[in-house]
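Fold and geometry: a report
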Amino acid sequence: MSTTTHKRESEVWLTVPEALDGKRLDTALAVLLPDYSRSRLQRFIQEGHVRVDGRAPECSDKVLTGATVALEVPEPAEVSWKAQPIPLEIVHEDTALLVINKPPGMVVHPGAGNPEGTLLNAVMHHTPGLAAVPRAGIVHRLDKDTSGLLVVAKTDAVRLRLVRELQARRIKREYLALVRGIVRAGGSVAAPIGRHPVHRTRMSVQQRGKEATSHYSVKAAYRGHTLLRVRLESGRTHQIRVHMAHIGHPVVGDPVYGGRGAAGNKGQGPGLTDLLHRFRRQALHAERLGLRHPETGEALEWTAPVPDDMRTLLEALEEDARG
């Protein structure tokens, strides 16, 4: 497999390897250019930005070993994101990257209904040069109501290196998840995840979904609830929430996958029952992040304590278990 960059950074030439012989063009490009989504690559093909041996192809065209594929990446449209002076809890910063402890309730990236006030707007204010980096250097996301650590690259070169490390599963991501029910021992969930066929804002375990694996161990057991440490191999949308619900232990407070309410031990006190009812987000925290520095190769690791609302809930559960 070979990739050669010519003259302009926006033009990439590739040679189709034997392993992709006979594959659809869009499928082959998704393998050769993992930094782009398949839908974006299909759009490049449809808009005429791709040539195979000098001709304009269709997405469904089959490619042959040794074929030359030229991709001219169109210049990105001018973004309208604006920098905003929003406070950030910065755990680590150097010339290459930022590590941020995101609070619950903060959206990571602007979108429909959230055009501003996001983590992206905040990092652009903190580091103005990120306006020139795709997604303002944000390498991976957390759900709005999930707290914890994420990494931001300060240059596109660093971003691409970190994306490759993430895809190769060499970035360590561990979460704390408070789930409903008693989990007796650790284990793994290897179940593919895809878009729910009916409820399109939800994900679900399905045979044709993308490979997804989560490993979990018991950190603390309470009456009717368990605190798990979960390590991700893959990084699918809502992965932990979907996998925990799939094995019958939804994340406490999760409004989408069945974790909301005070299900648990019938003997729990009214104060704890009320606290569980009032916990209005998923009790999920990205506690630990580990990676090799993209420039120095140094092994780095960071941890972040759970936010106050989740800490209060855990303390109440612990007190209830002792009583």
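Computed from a predicted model, the values in this text were never measured in an experiment.

1. A few points about the overall build of the protein chain
- The secondary structure content of the protein chain amounts to seven helices and 15 strands.
- Against the 2.2 N^0.38 benchmark of 20 Å for 323 residues, the protein chain shows a C-alpha radius of gyration of 22 Å, consistent with a compact globule.
- Each principal axis of the C-alpha atoms in the protein chain carries an extent, and together these give about 75 × 45 × 40 Å.
- For the protein chain, with 323 residues in total, the buried portion stands at 46%.
- Approximately 16300 Å² of the protein chain is accessible, and the part contributed by carbon and sulfur atoms is 48%.

2. Thoughts on the confidence of the model for the protein chain
- Considering every residue of the protein chain, the mean pLDDT works out to 89; 92% of them sit at 70 or more.
- Contacts of residues 1-9 to residues separated by more than four positions or lying in other chains number 15 contacts, the stretch itself having pLDDT below 50.

3. Some remarks on the pairing of strand β8 (residues 172-180)
- For β8, the tally of buried residues reaches eight of nine residues, placing the bulk of the element in the interior.
- Strand direction decides the pairing type here: β8 and strand β14 (residues 284-292), joined by six bridges, are antiparallel. Bridge assignment links alanine 177 to a residue of β14, and that residue is leucine 284.
- Here seven bridges tie β8 to strand β13 (residues 225-232), and the two strands are oriented antiparallel to one another. The residue of β13 that forms the bridge with leucine 178 is leucine 227.

What counts as what
Residues numbered from 1 in each chain as written. Predicted model: local features only at pLDDT ≥ 70, side-chain atom pairs only at ≥ 80, totals over all residues. Heavy atoms only, no water. Helix = DSSP H or I, 4+ residues; strand = E, 2+ residues; numbered from the N terminus. Rg over C-alpha atoms; globule rule 2.2 N^0.38 Å. Buried < 20%, exposed > 50% of the residue type's maximum accessible area, 1.4 Å probe, protein only. Areas by Shrake-Rupley, 256 points an atom, 1.4 Å probe, with all protein chains shown as cover. pLDDT = per-residue confidence, 0-100. Contact = heavy atoms within 4.5 Å. Pairing = 2+ DSSP bridges.

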